[in-house]
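Geometric and topological summary
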Amino acid sequence: MAAIGSAIGLGNIWRFPYVAYDNGGGAFFLAYLFAMLTAGIPLLLMEFSIGQKFRGSSPFSFARINKKTEWLGWWQVAISFVVATYYSVIIAWALSYMVFSFNQSWGSDTQGFFLGDYLEATEAGVLGGLNGNVLIPLIVVWAGVFVIMLAGVKKGIEWANRIFIPLLVVMFLAIVVRALTLEGAVNGLDVFFRPDWQALAQPGVWVAAYGHIFFSLSIGFAIMITYASYLPKKEDLNNSAFITAFSNGSFELLAGIGIFATLGFMAGNLGVPVAEVATSGIGLAFIAIPEIINTMPGFNGLFGVLFFGCLVLAGITSLISITETYIAGVQDKFKVSRTKSVIVGGGLSAIISLLYATRGGINVLDAVDNFINQFGIAFAGLVSVIIVAWILRKLDFLQGHMNEVSDFRIGSWWKFSLMFITPLVLGANIILAFINNIRAPYEDMPLSFLAISGWGVAGAAFVVGLLLSLIKWPPGKLEAYKKEDD
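A brief report on the enclosed structure follows. (Residues numbered from 1 in each chain as written. Predicted model: local features only at pLDDT ≥ 70, side-chain atom pairs only at ≥ 80, totals over all residues. Heavy atoms only, no water.)

**Focus on the overall build of the chain**
The helix and strand tally for the chain stands at 20 helices and zero strands. Relative to the compact-globule value of 23 Å for 486 residues, the chain shows a C-alpha radius of gyration of 22 Å, a close match. Based on the C-alpha atoms only, the size of the chain along its principal axes is roughly 70 × 50 × 45 Å. When each of the 486 residues of the chain is scored for burial, the buried share is 60%. Counting only contacts in the chain whose residues sit at least 6 apart along the sequence, the fraction spanning at least 24 positions is 83%. In the form shown here, the chain has an accessible surface area of approximately 19,100 Å², with 66% of it arising from carbon and sulfur atoms. Treating the 27 positive side-chain charges of the chain as one cloud and the 29 negative ones as another, the clouds have centres 17 Å apart. (Helix = DSSP H or I, 4+ residues; strand = E, 2+ residues; numbered from the N terminus. Rg over C-alpha atoms; globule rule 2.2 N^0.38 Å. Buried < 20%, exposed > 50% of the residue type's maximum accessible area, 1.4 Å probe, protein only. Contact = heavy atoms within 4.5 Å. Areas by Shrake-Rupley, 256 points an atom, 1.4 Å probe, with all protein chains shown as cover. Lys, Arg positive; Asp, Glu negative; His and termini not counted. Charge placed at Lys NZ, Arg CZ, Asp CG, Glu CD.)

**Description of helix H10 (residues 203-216)**
The terminal C-alpha atoms of H10 lie 20 Å apart, and with 14 residues this matches the ideal 20 Å at 1.5 Å per residue to within 8%. In terms of burial, H10 is largely enclosed, as ten of its 14 residues are buried. Taken as a whole, H10 has its buried residues at Val205, Val207, Ala208, Ala209, Tyr210, Gly211, His212, Ile213, Phe214 and Ser216. Two residues or fewer after H10 comes Ser218, characterised by a positive phi angle close to 55°. (Expected span 1.5 Å × (residues − 1).)

**Notes on the packing of aromatic side chains**
Following the criterion strictly, the structure yields 48 aromatic pairs and no others. Both rings, one in Tyr97 and one in Trp106, keep their centres 5.7 Å apart while their planes meet at 15°; by these two values the pair is stacked. Taken individually, Tyr97 and Trp106 each receive the classification buried, so the pair is uniform in this respect. Through pairs of rings, three or more aromatic residues link up here, namely Trp93, Tyr97, Phe100, Trp106, Phe113, Phe114, Tyr118, Phe286, Phe307 and Phe308. (Phe/Tyr/Trp six-rings, centres within 6.5 Å; stacked < 30°, edge-to-face > 60°.)

**Focus on the layout of surface pockets**
Its boundaries defined by the atoms lining it, the second largest pocket holds a volume of some 610 Å³. Lining the second largest pocket are 30 residues, with Ala78, Phe81, Val82, Thr85 and Ile352 positioned closest to its centre. Broken down by class, the residue content of the lining of the second largest pocket amounts to 24 nonpolar, six polar and no charged. (1 Å grid on protein atoms, 1.4 Å probe; cavity = no way out; pocket = protein on both sides within 12 Å on 5 of 7 lines; lining within 4 Å. Points joined across faces, edges and corners; volume = space filled by probe spheres on them. Nonpolar A, V, L, I, M, F, W, Y, C, P; charged D, E, K, R; others polar.)

**Examining unusual backbone geometry**
Backbone geometry places Arg393, a non-glycine residue, at a positive phi of 55°. Relative to the helices and strands, Arg393 is located in the loop between helix H16 (361-391) and helix H17 (395-405). The phi torsion at Asp444 lies on the positive side, around 55°, for a residue other than glycine. On the basis of relative accessible area, Asp444 is assigned to the exposed category, the value being 72%.

**Points about the side chain of Ser57**
Tracing the sequence through the fold places Ser57 in the loop between helix H3 (28-54) and helix H4 (58-65). Relative accessible area serves as the criterion here: at 2%, Ser57 is assigned to the buried category. A polar side-chain atom of Ser57 sits 2.8 Å from a polar atom in the side chain of Asp332. Not counting the four nearest positions on each side in its chain, Ser57 is found in contact with Ile225, Thr226, Ala328, Gly329 and Asp332. (Polar contact = N/O pair within 3.5 Å; in protein donor to acceptor, adjacent residues only side chain to side chain.)

**A short note on empty space enclosed by the protein**
Summed over the entire model, instances satisfying the criterion amount to three cavities of 30 Å³ or more. The space that makes up the second largest cavity amounts to roughly 50 Å³. Taken together, Ala39, Gly40, Leu43, Tyr210, Ile213, Phe214, Ile219, Thr422, Val425 and Leu426 make up the full set of residues lining the second largest cavity. For the lining of the second largest cavity, the secondary-structure elements that each account for two or more residues are H3, H10 and helix H18 (412-439). Considered class by class, the residues forming the lining of the second largest cavity number eight nonpolar, two polar and no charged.

**Looking at helix H14 (residues 300-334)**
For H14, with 35 residues, the first-to-last C-alpha span of 51 Å sits near the 51 Å given by 1.5 Å per residue. Across the 35 residues of H14, 32 count as buried, placing the element largely inside the fold.

Structure representation (structure tokens):
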């Protein structure tokens, strides 16, 4: 279970360095650790216990807790479906750039190459037709995912993780070691680790810490519940949650070291402060990193292949995990074979992903990612905590199950965190995000475009969840599983 959690988290580790850098540097690590102990691990434990105890996908598990909460499970599954449609495209970009790395095909103008030559990007609201540069690697990505998913959980997903994760760790460590040998690396690390203790007095820093830990551990959109359902009934959940959280945190710290060591080298070459080259998000991976690779003193191609190879492997393992959530949901609800579930669920997500392979796809991706994270994943996580902790009052029941199967017991801090700290912080995060998006259009995109690609997609995930919950389960499905537990 910890390996699965690490694979999921590795797809998101590149966000951490910039969240830390923007929120107090080394001082942010304290806020991050506190958020992990009071929100990240408690939520992991809640989802692990739900999945293991009720033995099914997120919709099935919530239906077994209480039939009136099944819609919450389907809402989470719908969110995962949306994420899979655009996440696959980012992996396709990384796959292309892994090939480009051999001879630095992006040239000296890395921004112009990415947005112009490669993506052929149009303005927001204009799709502009399919882009072959993205379409071909996207087909390769989905073909690989289909092969693994059709093989099943043990022969496909577990086999892939046993190969991909060790390989990913080796490649990842090689990148960090190479980055530390670059001239100017120390300057980058100084910027990354230098603590601004006054930042801890700012509420925004704590909101950022809780927000990041929530997304980093992939909680709130059915993944952990689904995978926990495959665990043996006596698997130690408490140990698994702590191992997953701290291994993910360790990789995030290593990512920060590797990235800022590399940025220190780049800043030294350009004769500018590190702050001027500290670009986050897509700009880092596909614009700044290629620019850094161009100026490296040696092994340029190898560094590029390792970096983008890591993105591909981390992305594939995460995409497999995300896809499993709705494949398992379809299997449970409609009583179909895994093959049919993969073809229907995976096939539909692959077809929809073609939208992001258009020339205007990057704008759609940017909007969908922003809104489905803030008003999908975070909101669904908040609602799940409120329902389980306050409405259904199931925390004592779940805590008893966790402690029964684990080597050490979880105390009252777990319930206190889920009942008070997590809802307050997540609620504040969502309210602030809502206010910011109302005050000004996201990235100055047209309101009509955001109404569909942003608010519309986030709202549609919720509506789809409600509609799917109205479909009746096959006769005796829920009752049969209840008898199994009795």
